[in-house]
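# Examining the three-dimensional arrangement
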Amino acid sequence: MPIWFFIPIIVLLVLLVLLGSVVLLGRIDNGRHLRPIVVFLSKVPLFKRWFQKASIAALERQNPELAGAMKKIQAFGEPKTPEQAQRMLNLLTPGERRAYMAAVGEETPSQEGTNRQLRRRMEHGGAGMPTSTKQVSQRPGSAGRKTGKNAKKKR
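Residues numbered from 1 in each chain as written. Predicted model: local features only at pLDDT ≥ 70, side-chain atom pairs only at ≥ 80, totals over all residues. Heavy atoms only, no water.

## Here we look at the packing of helix α3 (residues 45-62) against helix α4 (residues 64-76)
- α4 packs onto α3 with a crossing angle of 145° between their chain directions and a minimal axis gap of 6 Å. Contacts between α3 and α4 involve Q52, I56, L59, E60 and Q62 from the former and P64, L66, A67, M70, K71 and Q74 from the latter.
- Its residues assigned to classes, the contact of α3 with α4 comprises six nonpolar, three polar and two charged. (Axes fitted to C-alpha atoms, helices over the stretch in contact; angles between N-to-C directions. Helix = DSSP H or I, 4+ residues; strand = E, 2+ residues; numbered from the N terminus. Contact = heavy atoms within 4.5 Å. Nonpolar A, V, L, I, M, F, W, Y, C, P; charged D, E, K, R; others polar.)

## Some details on the environment of L92
- Mapped onto the secondary structure, L92 falls in the loop between α5 (82-90) and α6 (94-107).
- A relative accessible area of 4% places L92 in the buried class. (Buried < 20%, exposed > 50% of the residue type's maximum accessible area, 1.4 Å probe, protein only.)

## Considerations on α4
- For α4, built from 13 residues, the straight-helix expectation of 18 Å at 1.5 Å per residue is met to within 8% by its first-to-last C-alpha distance of 19 Å.
- All buried positions along α4 are accounted for by L66, A67, G68, A69 and I73.
- Immediately beyond the C-terminal end of α4, within one or two residues, lies G77, with a positive phi of roughly 95°. (Expected span 1.5 Å × (residues − 1).)

## Considering the pattern of salt bridges
- A full pass over the atoms with the stated rule returns three salt bridges.
- A salt bridge links D29 to R32, with the shortest nitrogen-to-oxygen separation between them at 3.5 Å.
- Exposure remark for D29: the relative accessible area of 45% places this residue in the partly exposed category.
- A salt bridge links E96 to K72, with the shortest nitrogen-to-oxygen separation between them at 3.0 Å. Taken together, the residues E96 in helix α6 and K72 in helix α4 connect sequence positions 24 residues apart. (Salt bridge = Lys/Arg side-chain N within 4 Å of Asp/Glu carboxyl O.)

## Thoughts on the packing of aromatic side chains
- Inspection of the entire model under this criterion finds two aromatic pairs.
- Their ring planes at 75° and their centres at 5.9 Å tell us that F5 and F6 sit as a pair that is edge-to-face.
- Classification of F5 by relative accessible area gives partly exposed; the value is 39%.
- Note on F6: relative accessible area 35%, which makes it partly exposed.
- Arranged with centres 5.5 Å apart and planes meeting at 70°, the rings of F47 and W50 form a pair that is edge-to-face. Here F47 and its partner W50 are both found in helix α3, three residues apart, which amounts to about one turn of the helix.
- Assessed through its relative accessible area of 29%, F47 is described here as partly exposed.
- According to the relative accessible area criterion, W50 is partly exposed, its value standing at 48%. (Phe/Tyr/Trp six-rings, centres within 6.5 Å; stacked < 30°, edge-to-face > 60°.)

## Some details on the nonpolar core
- One finds L66, A69, I73, M88, L89, L92, A99, Y100 and A103 forming the largest nonpolar core, which totals nine residues.
- Looking at this core, the elements with two or more residues in it are α4, α5 and α6.
- Every residue in contact with Y100, bar those within four places of it in the chain, is listed here: L66, A69, M70, I73, M88, L89 and L92. (Core = buried A, V, L, I, M, F, W, Y, C linked by side-chain atoms within 4.5 Å.)

Okay, structure coming up:
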């Protein structure tokens, strides 16, 4: 028998071993050992698209509303200001918004296990910036009143 006859058989056996090892790594510890491999492979654009499609397909089977929300959010891009985040949330239907907020709520870490720096960052809106920029008086007409260093002094 010629040697070229064994080349396709060897290639198929190598592919079968690779597929079996991927399946085995995915089953052990809920895929803990497979994650670094997927992260490394996702740097290649082709594999990244495949992983995203597979992830969205699995999410559509589990939670179709969350999958729809994730597609819309991915198309919108990452919001850089609170106004953009609000516009992004306004694109979602009420069901998608509930599913997205539930998923985001599950990802936030608990306050007890964080250190002081992380607690302060969370208190100030996550990025270290204060959430409220200035206090607004509740009295009508107070928005136009000038106070502080730009105010004119009475004579």
